[in-house]
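Remarks on the overall topology
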Amino acid sequence: MRALVYEGPRKVTVQDVPDARVEQPTDAVIRLTTTNICGSDLHMYEGRTAVEGGTVLGHENMGVVEEVGPAVTRVKVGDRVSVPFNIACGTCRNCLQGWTSYCTRTNPTEGMDGAAYGYANMGPYPGGQAEYLRVPFADVNLLELPEGTEHEDDFTMLSDIFPTGWHGTVLAGLQPGDDVAVFGAGPVGLMAAHSALIRGAARVFVVDKEPDRLRLAESVGAVGVDLSAGSPVDQILDATQGRGTDCGVEAVGYQAHDATGEEHPELVLDNLVQVVRSTGGIGVVGVYAPEDPGAATEQAQEGRIPFQFGRLFAKGQHLGTGQAPVMRYNRQLRDLIVAGRATPSFIVSHHLGLDEGPDAYAHFDAREDGWTKVLLHPHGRP
C-alpha cells in the first residue's frame, strides 16, 4: 500500500510499504477515507523528536472497516468509523478508569504509558497517512459513525483535535459564564475555543499572531488577540478590567515563539499564570517532550521548562496536563456534530490526495496564510 513516510527532518515521501493486515484476533483493518496532518506532526517533521526514519505518520484517522479478526464481535466489515489516536487495551487500570490515553499495556517503550499511531515514543504502530490502517483492540477503540459520507470533514476531527480541545477546557475547569484565554490558534487552539463556547463560556480570547487563524477564531465567536500588536496579557487584562480570565488553555507546546519568532518554551505558561485570575485553572494540551535536543536552552533540552510556578502557587491556580482520553468524549462530540451543535470543520483549508502530502507538510510547517488544516484522502475525496 502507499503511505507517507518520515525520512528525516523536513523530509516525508510517499512510498510503497507493507500492507496493513490483521495480526491479532482483536485487530481490524480500516480503509482510510480521510486522514489529517496534525500540528503535533510538525514536531516530528522538524526533527524535534526521536521518531525513527521509515515511520509511517498519521494519527488522525477515519474510514471504513475492511477486515476484522476472529475475536472482533462489536465492529463489523463495512462500518464507518473514527479511529481515536489513543491505542487502548480497555482492561488495564488506567483504561478502566477512563484514561485510555495512558494505557499501560499497549506501549512497550520504557517509561511511557499510552500508545498512538505513527508517533515518536508512542509504540510500534504505523500511522494512517496511508491507504489502510491496522487497529489493535478494535472493539475497544473504534467509534461507529452514521453510514454514508455526511459530516466527513467534521467527523475526521473526532480522532484527536476536537476531543483534545475539549479536554483542555475540562482540565481548566471551565464553568458556564467563564471568561477563557486560549493561547494558540492552531487547530487544537481553535477546537478549544469552539469547545469553550459550546460549553457556555461568556468570552473566549484566542491569542496568536497569524491573521488567518485569528479570523477563524472570530468566525465562531471568539475574540482574537494579536500578540504581534503588544503583550497579550495586557490586552486581555484590559478587556477584563484587570480581573483576568477565569481559566485558560495552553494549545502551543514546547516550541512556543514570541512575536519575532524567537523560541521561549516557557512563554505561554508564564502568560497564562499571569492572565488567569487567582484560583483559576489552566489546561495544558500543547505537547511538551521529555527531552528536546533541539531546544533553545540546556534545561529545555532535558525537558525542564522553568516557568512562574511560584506565582501559580501564590495565586492558588490549578494546572492540568496531558494527552486527551479521546474515548471519554468522542461519542458525545459525534452526537453534537449530528445535532448541528458542533461544526469543527470550520478550520478545514485543504482537501488533498496522498501524493500531495509532502508539499502540504511544507506549507503547513511554514504557517503559510490559509494553510490551517489539511485533510488527505488516500482513495479520493468521499
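I will try to describe carefully the structure that is included in this document. (Residues numbered from 1 in each chain as written. Predicted model: local features only at pLDDT ≥ 70, side-chain atom pairs only at ≥ 80, totals over all residues. Heavy atoms only, no water.)

**A few points about the pattern of salt bridges**
For clarity, the threshold we go by: Here a salt bridge means any side-chain nitrogen of Lys or Arg lying within 4 Å of a carboxyl oxygen belonging to Asp or Glu. Numbering of helices and strands starts at the N terminus; helices are DSSP runs of H or I of at least 4 residues and strands are runs of E of at least 2. Three exposure classes are used, based on accessible area relative to the maximum for each residue type with a 1.4 Å probe and protein chains only: buried under 20%, partly exposed in between, and exposed over 50%.
Applying the stated criterion to the full structure yields 24 salt bridges. Residue Arg 134 pairs with Glu 23 through a salt bridge whose shortest N-O separation is 3.6 Å. Within this pair, whereas Arg 134 is found in strand 9 (residues 132-135), its partner Glu 23 is found in the loop between strand 2 (11-16) and strand 3 (28-37), the two being separated by 111 residues in sequence. Judged by relative accessible area, which is 44%, Glu 23 ranks as partly exposed. A salt bridge links Arg 304 to Glu 302, with the shortest nitrogen-to-oxygen separation between them at 3.3 Å. A relative accessible area of 51% places Arg 304 in the exposed class. Overall, Glu 302 belongs to the exposed group, its relative accessible area being 53%.

**Considering the pairing of strand 1 (residues 2-8)**
To be explicit about the condition: Any two strands with at least two DSSP bridges between them are considered paired.
With five of its seven residues buried, strand 1 lies for the most part within the structure. Two elements, strand 1 and strand 2, share six bridges in a ladder whose sense is antiparallel. Across the sheet, the residue bridging to Gly 8 is Lys 11, located in strand 2. Taken together, strand 1 and the strand that follows it, strand 2, pair antiparallel across an intervening segment of two residues, in which Arg 10 is found at a positive phi of about 55 degrees. Of the strand pairs in this sheet, strand 1 and strand 4 (residues 55-56) are connected by two bridges, and their pairing is antiparallel. Bridging from a neighbouring strand, Tyr 6 pairs with Thr 55 of strand 4.

**Section: the pairing of strand 3**
The buried fraction of strand 3 is high, at nine of 10 residues. Relative to strand 9, strand 3 runs antiparallel, the two sharing four bridges. Note that in strand 9 the partner of Ala 28 across the bridge is Val 135. Pairing geometry for strand 3 and strand 18 (residues 374-376), over three bridges, is antiparallel. Across the sheet, residue Asn 36 finds its bridge partner in strand 18, namely Leu 375.

**Observations concerning the sheet that holds strand 2**
Put simply, the test is: By definition, residues are in contact when any of their heavy atoms lie within 4.5 Å. To obtain each axis, a line is fitted to C-alpha atoms, and for helices this fit is confined to the stretch in contact; angles are then taken between N-to-C directions over 0 to 180 degrees.
Taken together, three strands build an open sheet; the order of strands is 2-1-4 and the sheet is antiparallel. Each edge of the sheet is formed by a strand with only one pairing partner; in this case those strands are strand 2 and strand 4. Contacts from helix 13 (residues 357-365) reach strand 1 and strand 2, with the element oriented near 165 degrees to strand 2.

**Re the state of the cysteines**
Working definition of a disulfide: a covalent bond connecting the sulfur atoms of two cysteines. Worth spelling out the cut-off: Any two cysteine sulfur atoms within 2.5 Å of one another count as a disulfide.
All chains considered together, the criterion is met by zero disulfides. The thiol of Cys 103 is not disulfide-bonded; the next cysteine sulfur, from Cys 89, is found 3.6 Å away.

**Comments concerning helix 7 (residues 211-219)**
Looking at helix 7, one finds that the buried residues are Asp 212, Arg 213, Leu 214, Leu 216 and Ala 217. Looking at the buried residues of helix 7, the elements they touch are helix 6 (187-198), strand 12 (203-208), strand 13 (223-226) and helix 13. Of the residues trailing helix 7, Gly 221 is marked for its positive phi of about 100 degrees.

**Details of helix 8 (residues 232-239)**
Keep this limit in mind: Summarising the geometry, the arc corresponds to the directions from the helix axis toward the C-beta atoms. By the criterion applied in these results, polar contacts are pairs of N or O atoms within 3.5 Å in which, for protein atoms, one can donate a hydrogen and the other can accept it, and in which residues neighboring in sequence qualify only through two side-chain atoms.
Among the residues making up helix 8, those that are buried are Pro 232, Val 233 and Ile 236. Mapping the buried residues of helix 8 onto a view down its axis gives an arc of 100 degrees, with all of them on the same face. The backbone nitrogen of Val 233 has a side-chain oxygen 3.3 Å away, supplied by the residue at the start of helix 8, namely Ser 231. Just beyond helix 8, the residue with positive phi is Gln 241, at close to 55 degrees.

Structural measurements only, silent on function.
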